[in-house]
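# Results of the structural survey
Listed below, chain by chain, are the residues.
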Amino acid sequence: MSLDELLRHPALWRAREPGEAAGRPGLPTGFAALDRCLPGSGWPSRGLVEILADRTGIGELSLLLPVLARLCAGEHEAGWLAWISPPHPPYAPALAACGIDIGRILVVRAPPAEWAMEQALRSGACSAVLGWAACRDRQSLRRLQLAAEQSDCLAVLFRRLRDGTEPSPAVLRIALASGRDGLEVRILKSRGGRAVSVRLGWIGATSPAQAH
Amino acid sequence: MAPPGQPRVPDVPLSDTPAPDPSVRRPPRPQTASGGGRRRDADGPAVATAVARELWLAVHLPHYLLESLQMRATIADGSAMPGEAGPVVVVDFARGGKTLCDCDPRAAASGIVPGMALNSALALEPGLRVVSREPRRERALLDAVAAVAQEFTPRISLAPPDGVLLEVRGSLRLFGGARSLCDRLRERLQALGLDPRLALTPAPLASLWFARAGSEVALRRPDALPVRLAPVPLTVTRWPARTLQALATLGVRAVGDCLRLPRDGFARRFEPRLRLELDRALGRAPDPRANFIAAERCVLRRDLEPEIADTGRLRQALEPLLAELCTYLQGRGAAVESLELRLLHREAPETRLRLRFAAPVAVAGRIALLLQERLARTDLPEPVRAVRLRSGALVEAREEAGDLFARDRRRAAAVPQLVERLRARLGAEAVHGLCLVPEHRPEAAQKNGNLLVPAPASARAQANSEESGARPLAPRPVWLLAVPQPLEGDDPPRYEGPLELEDGPERIESGWWDGSDVRRDYYVARTPAGVRLWIFRERRAAGGWFLHGVFG
């Protein structure tokens, strides 16, 4: 067991590091308005994040692309990006254009998405695990949250909006809605933070062609 | 010389006293230097000063083509020689089979020589039996020789196609000297029906050259090499024919002539590699050789009493078997890439499970994890009576050096394990990577890639900068539908309401050469619900609007 592994043990609390409650530094989302609303000024680096949206394509991935690109850019921490049972095949040219390292993407088409997600989280090989799963039973959600808590990895679970009414052990739950003037991010639950709404406008809408 | 992945033999300085430099012109030594008297060096009392630290015994099989085929015959029908019916010649059918590669003594007696056209040979000897060489048998012959050689030393290296090298410095005492060792090895090889040439020198390449030249020397002092190698013809070096011809026009036909040429000029006129080979043959340059590892397998069997019908209990029963396998592997410093497990039943045909690992494993825990996933997917037709575990070919185990803060390395090592676990349960196709293809048609611009451990960051940055040239400037959606979905309506098309075109058109017209050509105008559109879509208007005869992608 390396020292590093030992230090990651959940029962070990290091005095020099701010604890969970004190606001562990998060992974910057790339959207300043959203960063301001999240406890660690970014996505929690441990623990499950739930993103609830009823539609594929309203910007749920654009919300994550900046942080995924940042995870790839890191020299030392770079692990794999696991995509577990995505609704459609992810399109490599678009991801490459966002600065994501295509060589680090792992796509898994798994009917038991929860199982594959847990494996990916526990393996320690990934720096981000994105899963699309219904997660009907509380048990599997709790297992996922536990695995996410113990791994040093961004864990995102995409679910339906109606699942937001049920309780969940996730560290952060956000609901996405798309209105006339852009994406609205509603924070339903945020450990150590407040439940607020943020309007992000049309994110990911500026194409390189328009920028020129 | 050594392929990557094979261990490199540590370079050992060959002698303390510097050997004379052959490039310095000096009067040619009298030929008596290579006479039989010096041969006693090996068996005589060891000279304390200049005996090399390594001694390489080369086994050269001049008739390996014929011998590889004869071995098959002795195994197949028990008869000693296939050629009892008549003289045999070997040709290479894979290369047309027009010229002879080798012939047996009876064919040679009729005036047939290797290199002759087959038709000429048939004219000389109509009753000729013609067989084709089989590279697989030739390799097996070398393996068989190496297996015999393992009785004499643990350090063996193959020199394909017709040589095997043994490092015997440490074995000489045990076998009572070089001559006795050579005699015993020769006996063992002759029992296999082989006719070997043996040569022993401190440099592996020199041993090979002597053996190929047919001069069976036993030299223990590296400083004797330049003199003894001098009369050996240059053909034994197997340098390119053009080089040998060019040298012959200079009057250089033997190794000694070559050594007298100016060092720099030789390296400039011919390949520097040849200069290096000469140095290696003289024992002046290190000559690392890949170690031969015999292809072994581990086969274990266990009877189950009482019979087991439940996969969970079967897994438990297999655990001692796996532990035994891993003990076997660790004792050999080896690992396996695949395993075959046969479950024997009373009536039903046996159940076979094949486990493939993403990387060589030698740890029971990892195999057990994978086995658990496989067994969970397996239906047993009947209770299991016995199990047989058969390992794939053994490969060399590579241990990662431990590091107190090794996060990166741990992550890299965890990837193969994750992939093989997922594949064991979901099937190999369910887990894949992504790969970019420089192609204008959107559906062809990516393919499922292999999962490899990522390249270092610098290489990635370079690859990214190279790719950026091919990257389209227009936006691309994160999700691409496998098959474009037709849309209702025309101007504007509808998808859960009228679509609002935001960007476009981007015309993509390509692929006429492979039958799936594409003529489309792509637009970015937004639905009333705020979903951004990538749609196109078909420019070909059929027309119409299609949905092709979704911006995430």
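What counts and how
- Per chain, residues are indexed from 1 in the order of the written sequence.
- Note on labels: chains are lettered from A, ligands numbered from 1, in written order.
- Selection of residues for local features in this predicted model requires a pLDDT of at least 70, selection of side-chain atom pairs for listing and counting requires 80 or more, and totals for whole chains, interfaces and linings are taken over all residues.
- To qualify as a helix, a DSSP run of H or I must reach at least 4 residues; to qualify as a strand, a run of E must reach at least 2; elements of each kind are numbered from the N terminus.
- Here a residue counts as buried when 20 or more other C-beta atoms sit within 10 Å of its C-beta, as exposed when there are 12 or fewer, and as partly exposed otherwise, the C-beta atoms being derived from the backbone.
- Contacts are defined on C-beta atoms placed from the backbone: any two residues whose C-beta positions lie within 7 Å are in contact.
- The criterion for strand pairing is that DSSP finds at least two bridges linking the strands in question.
- Whenever a helix is involved, its axis is fitted only over the stretch in contact; in every case the axis is a line through C-alpha atoms, and angles between N-to-C directions fall within 0 to 180 degrees.
- Handedness rule for crossovers: strands pointing away from the viewer, path from the first strand over the helix to the second running clockwise, crossover right-handed.
- The term nonpolar core refers to a group of buried residues, namely Ala, Val, Leu, Ile, Met, Phe, Trp, Tyr and Cys, whose C-beta atoms join them within 7 Å.

## So, the overall build of chain A
- Along chain A, the regular secondary structure elements total 7 helices and 8 strands.
- In chain A, which comprises 212 residues, the proportion classed as buried is 47%.
- Contacts in chain A between residues at least 24 apart in sequence constitute 66% of all its contacts with a sequence separation of at least 6.

## Considerations on the pairing of strand 5 (residues 154–159) of chain A
Residues and elements named next belong to chain A.
- The buried fraction of strand 5 amounts to 6 of the 6 residues, a majority that puts the element mostly inside the structure.
- Examined bridge by bridge, strand 1 (residues 48–52) and strand 5 share 5 bridges and lie parallel to one another. Bridge pairing in strand 5 places L48 opposite A155.
- The pairing of strand 4 (residues 126–132) with strand 5 spans 5 bridges and is classified as parallel. Within strand 5, the residue paired with L130 across the bridge is V156.

## What to know about the sheet that holds strand 18 (residues 532–538) of chain B
Residue and element names in this part refer to chain B.
- If you trace the 5 strands from one edge of the open sheet to the other, you get 15-19-18-17-16, paired in antiparallel fashion. Taken across any chain shown, the strands that pair with only one partner, and hence form the sheet edges, are strand 15 (479–486) and strand 16 (500–510). Averaged over all neighbouring strand pairs, the angle between strand axes comes to 25°, with direction disregarded.
- Examined bridge by bridge, strand 18 and strand 19 (residues 545–550) share 5 bridges and lie antiparallel to one another. Opposite L533, over in strand 19, you have V550 as the bridge partner.

## Considering the pairing of strand 2 (residues 80–84) of chain A
Residues and elements named next belong to chain A.
- By the criterion of burial, strand 2 is predominantly enclosed, with 5 of the 5 residues buried.
- In this structure, strand 2 lies alongside strand 4, joined through 5 bridges in parallel fashion. By the bridge assignment, I84 is partnered in strand 4 with G131.
- Across 4 bridges, the pairing between strand 2 and strand 3 (residues 105–108) is parallel. From the neighbouring strand, A82 faces strand 3, where its bridge partner is L106.
- In this fold, the crossover linking strand 2 to strand 3 by way of helix 4 (residues 92–97) has right-handed handedness.

## Concerning the sheet that holds strand 2 (residues 88–91) of chain B
All names here are of chain B.
- Strand order across the open sheet formed by 3 strands is 3-2-4, with mixed pairing between neighbours. The open sheet has two edge strands, strand 3 (100–103) and strand 4 (129–132), and neither has a second partner. Across the sheet, the mean angle from the axis of one strand to that of its neighbour is 30°, orientation sign disregarded.
- Relative to strand 3, strand 2 runs antiparallel, the two sharing 3 bridges. Looking across to strand 3, one finds that V89 is bridged to C103.

## Digging into the nonpolar core
- Counting 90 residues, the largest nonpolar core has A:L81, A:A82, A:I84, A:V108 and A:V129 as the members making the most contacts within it.
- Discounting chain neighbours no more than four positions away, the residues touching A:V129 are A:A82, A:I84, A:M117, A:A120, A:L121, A:C153 and A:A155.

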